[in-house]
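Here are the chains, one letter per residue:
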Amino acid sequence: MNLSILVILILTAVSTSILGVFLVLRKMSMMVDAISHTVLLGIVLAFILVGDLTSPFLVIGATLMGLLTVFAIEVIVKTKQTDNDTAMGLVFTLLFSIAVIIISTSFQGVHLDVDAVLLGKIEFAPFDKLYFNGVHIGPKLLYIMLATTVINLLFVKIFYKELKIVSFDAALATTLGIAPALIHYLLMGLVSLTAVAAFSAVGTILVVAFMIGPAASAVLVTKNLKYTLIIAPFFGIINSIVGYILALLIDVNVSGMISTVTLITFLLVLIFDPKKGIVSIIIKRKSLKNLFDLVILLMHLDSHKEYEEIAYAHIKNELNWTTKQYKKHTEKALMDGYIVIKNNQLYLTQLGKQFLSLKLNELQLS
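About the thresholds
Residues numbered from 1 in each chain as written. Predicted model: local features only at pLDDT ≥ 70, side-chain atom pairs only at ≥ 80, totals over all residues. Heavy atoms only, no water. Helix = DSSP H or I, 4+ residues; strand = E, 2+ residues; numbered from the N terminus. Rg over C-alpha atoms; globule rule 2.2 N^0.38 Å. Buried < 20%, exposed > 50% of the residue type's maximum accessible area, 1.4 Å probe, protein only. Contact = heavy atoms within 4.5 Å. Areas by Shrake-Rupley, 256 points an atom, 1.4 Å probe, with all protein chains shown as cover. Axes fitted to C-alpha atoms, helices over the stretch in contact; angles between N-to-C directions. Parallel < 35°, antiparallel > 145°, perpendicular 65-115°, else oblique. Nonpolar A, V, L, I, M, F, W, Y, C, P; charged D, E, K, R; others polar. pLDDT = per-residue confidence, 0-100. Expected span 1.5 Å × (residues − 1).

## Examining the overall build of the chain
Across its full length, the chain carries 16 helices and four strands. The C-alpha atoms of the chain give a radius of gyration of 30 Å, which is well past the 21 Å a tight globule of 366 residues would have. Along the first, second and third principal axes, the C-alpha atoms of the chain reach 95 × 50 × 35 Å. The burial tally for the chain puts 46% of its 366 residues in the buried class. For the chain, long-range pairs separated by at least 24 residues make up 67% of all intrachain contacts whose partners lie at least 6 apart in sequence. Just so you have it, the chain exposes about 19500 Å², and 68% of that area is on carbon and sulfur atoms.

Structure representation (structure tokens):
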């Protein structure tokens, strides 16, 4: 295991998931996919102009292309001839295809290929060393992602209030004097910058997974924005560590494995979240059904309290229950002291009457 690779992955996870929270809240998840692919055209065009893969102009070109992508999508949507998803698909495929054509026809001898963009080359990060005064101070990519992480964290901290209001109510933001468009394009600009910064590290596939997966998982766990901004990077860090270790053990692509772990994490949260997970919902529904059946039994006894024909064996047929269902609920009522059996007949106890009255009041209030 290479510690510098793991640190780069963790920094990438933190920097992307922080922005991803606001994208998920604003229902713009797939915008990340579009931007993370179209910035490739910005890199290609900037390289044509400067001829240097290490030039900072490539980052500038990619960021501007990301903003152009967002602007083009919004222009198409405003024509009201198509929806957001369709516009995104059109712009994304067009710009990315142009980039692929240019790379495949003009850059055969240059270390810039589609596979590297999609999957990243994190395994080679330690070989791209950064020197300061002739001293090796670590992989260059580590400092790039560290700077990106700091920028994103500062952006969220400084504009937290504005981001929160714009994400939940853009109209209110305008009323309060906040410029939603400015916040929107600042956010999209940082998404573009983060995507291109992570290109050589993890590729576009993992950039999308990092931005959306941890944020989507965090939103399932809590609806509090501050907690979401803490939990999302936590999920990203865990996914990075587990995915990297599994990739080494199985000997597969690191980005692909972390993306897989990210999806698995989301599914686990979706299924087993104590509050709103699928399992907890099933358990709550089953518990509610059992409670409803118990109330039906007690109501039936209460409504027939003046009659003598409430024999233990007859109630099952009167309620149209199966033997198993009837036995289950009568045993529960007996155990809790809501009913008693005398002379092979069921009687509602005082405790049962109080319980029934309480539940009926709750139903009326709801």
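## Brief notes about the packing of helix α6 (residues 140-158) against helix α7 (residues 160-168)
The contact between α6 and α7 brings their axes to 4 Å, and the two run at 75°. As far as their axial angle goes, α7 and α6 are roughly perpendicular. Taking contact as the criterion, the partners of Phe155, Val156, Lys157 and Ile158 in α6 are, on α7, Tyr160, Glu162 and Leu163. Tallied by class, residues from the contact of α6 with α7 come to five nonpolar, no polar and two charged.

## Observations concerning the confidence of the model for the chain
Of the residues in the chain, 92% have a pLDDT of 70 or more, and the chain-wide mean is 83. Helix α11 (residues 225-250) holds the highest mean pLDDT among the elements of the chain, 93, whereas helix α5 (residues 114-119) holds the lowest, 58.

## Section: helix α9 (residues 180-197)
Between its first and last C-alpha atoms α9 spans 26 Å; for 18 residues at 1.5 Å apiece the expected length is 26 Å, and the two agree. By the burial criterion, the buried members of α9 are Ile183, His184, Leu187, Met188, Gly189, Leu190, Val191, Ser192, Thr194, Ala195, Val196 and Ala197.

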